[in-house]
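Summary of the model geometry
If you want the building blocks of each chain, they are given just below.
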Amino acid sequence: MIDVAPRAEARGAPRRPKPGPALQHGKVGFVLAFLAVPVVIYGLFVLSPYVQAIYISLTDWSGLTASQTFVGFDNYVRLFEDDQFWVALKNNVILMLVVPVVTLALGLFFASMINVGRRGKSGIEGVRGSKVYRVVYFFPLVLSMAVIGVLFKYVFAPTEAGGIFNGLLGLVGLDGLTQPWLGDPRFAFWCVVVVMIWAFVGFYVVLFSAAMQSIPKDIYEAALLDGSSRFTTFRHVTLPLVWDTVQVGWVYMAIQAMDGFALVHIMLGISGGPSRAGDVLGVALYRSAFNSYRFGYASAIGVVLLVLTLIISVLFMRAARRERVEL
């Protein structure tokens, strides 16, 4: 390697002046001037509501008066002594564990089938009819959660009310399996779980499909030439190369599952279904604030939900951490 710096100095070439303190100060001021407005807006509209919610959770505010009495941690003590809170928390934990696992597993499977499901004439491609499947999987995304909740409320309605699911069971001769699905504490919450998976799986099919399309098909061709099976190829080729996307989707899906407010509220009502067996923290918060007018108590539920969401996000990120594979 030839060092040209001494030759440049020998020819008397002028050195590039180093930026002085005044220039550095001007640069810092320029950056701060552009960051000040976004930071102020973020603090006003994002951080400030959190601070207000934490403070309200330490008061007995009813939401209807201007006066607030500071009660300390009384709302939290009453919250942890409430049996219904633990029912709602248990359901949130079930949503957090079951919905992300099943949704992401189905999303990965369907995306793999419609992108690298078989070896065609032009190389690795999706299974036959993959274009139709893309539309079918994407369909739930064009519906709002409110529409989905109302739709499946009629799907799981009793036979006397024209329930579609019970009607289908009757058509195939399984009348003995018909149930008042949303009226039975054993099945009401699990109906919500099934609907939530159906509603979200299409988004992850699209997300994982985009990640899989960026993988060179030559890698799959080489795996097939080596005699790799579909499962082995998925495990050792596809999954490591889309793992970053899976990790992001896992955290996002866990946060969505921790909510569950819209579907439970629409399908099971503000009480959380029969015997409140399908209650979740979001519905309990809404019921305490707008039905019982206990905004302090509702804010305490919201703070607990915030802390749980942060903990779950951190744990999922650490559990899904692995060495990054790059092409």
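In this report, the structure presented in the accompanying data block is examined.

The rules behind each value
- Residues numbered from 1 in each chain as written.
- Predicted model: local features only at pLDDT ≥ 70, side-chain atom pairs only at ≥ 80, totals over all residues.
- Heavy atoms only, no water.
- Helix = DSSP H or I, 4+ residues; strand = E, 2+ residues; numbered from the N terminus.
- Buried < 20%, exposed > 50% of the residue type's maximum accessible area, 1.4 Å probe, protein only.
- Contact = heavy atoms within 4.5 Å.
- Areas by Shrake-Rupley, 256 points an atom, 1.4 Å probe, with all protein chains shown as cover.
- Axes fitted to C-alpha atoms, helices over the stretch in contact; angles between N-to-C directions.
- Parallel < 35°, antiparallel > 145°, perpendicular 65-115°, else oblique.
- Left-handed = near helix turned anticlockwise from the far one by under 90°.
- Phe/Tyr/Trp six-rings, centres within 6.5 Å; stacked < 30°, edge-to-face > 60°.
- Lys NZ or Arg CZ within 6 Å of the ring centre and 35° of its normal.
- Polar contact = N/O pair within 3.5 Å; in protein donor to acceptor, adjacent residues only side chain to side chain.
- Core = buried A, V, L, I, M, F, W, Y, C linked by side-chain atoms within 4.5 Å.

This next bit is on the overall build of the protein. Assigned secondary structure in the protein consists of 14 helices and two strands. Every one of the 327 residues in the protein was classed for burial, and the buried ones make up 36%. Counted over contacts in the protein with a minimum sequence separation of 6, partners at least 24 positions apart contribute 66%. Counting only carbon and sulfur atoms, one obtains 67% of the accessible surface of the protein, whose full area is about 19700 Å².

It is worth spelling out the packing of helix 4 (residues 83-116) against helix 14 (residues 295-319) at this point. At a minimum axis distance of 13 Å, the contact between helix 4 and helix 14 shows a crossing angle of 25°. The angle between helix 4 and helix 14 falls in the class roughly parallel. By crossing handedness, the relation of helix 4 to helix 14 is classed as right-handed. Packed against helix 4, whose contacting residues are F85, L89, N92 and M96, the element helix 14 presents V304, L305, L308, I312 and F316 at the interface.

This part covers the packing of aromatic side chains. Inspection of every chain in the model, using the stated rule, returns 20 aromatic pairs. Each ring, one from F290 and one from F295, has its centre 5.5 Å from the other, and the planes form 80°; the classification is edge-to-face. Taking relative accessible area as the criterion, F290 reaches 48% and is therefore assigned partly exposed. Geometry around Y297 places R294 over its ring, the cationic atom sitting 4.3 Å from the centre.

A few words on the side chain of N166. Take N166: it is sitting in helix 7 (residues 164-171). A polar atom in the side chain of N166 sits 2.9 Å from the backbone oxygen of Q179. Each residue touching N166, except ones within four places of it in the same chain, is listed here: A157, P158, T159, T178, Q179 and W181.

What follows deals with the nonpolar core. Formed by 42 residues in total, the largest nonpolar core has its most connected members in L95, V99, F156, F208 and M267. Among the elements that line this core, the one with the most residues is helix 8 (residues 188-213), at 14 residues. In contact with F208, not counting residues within four places along its chain, are L104, G107, L108, A111, T245 and V246. Listed in part, the 20 residues of the second largest apolar core include V251, Y297, I301 and V304.

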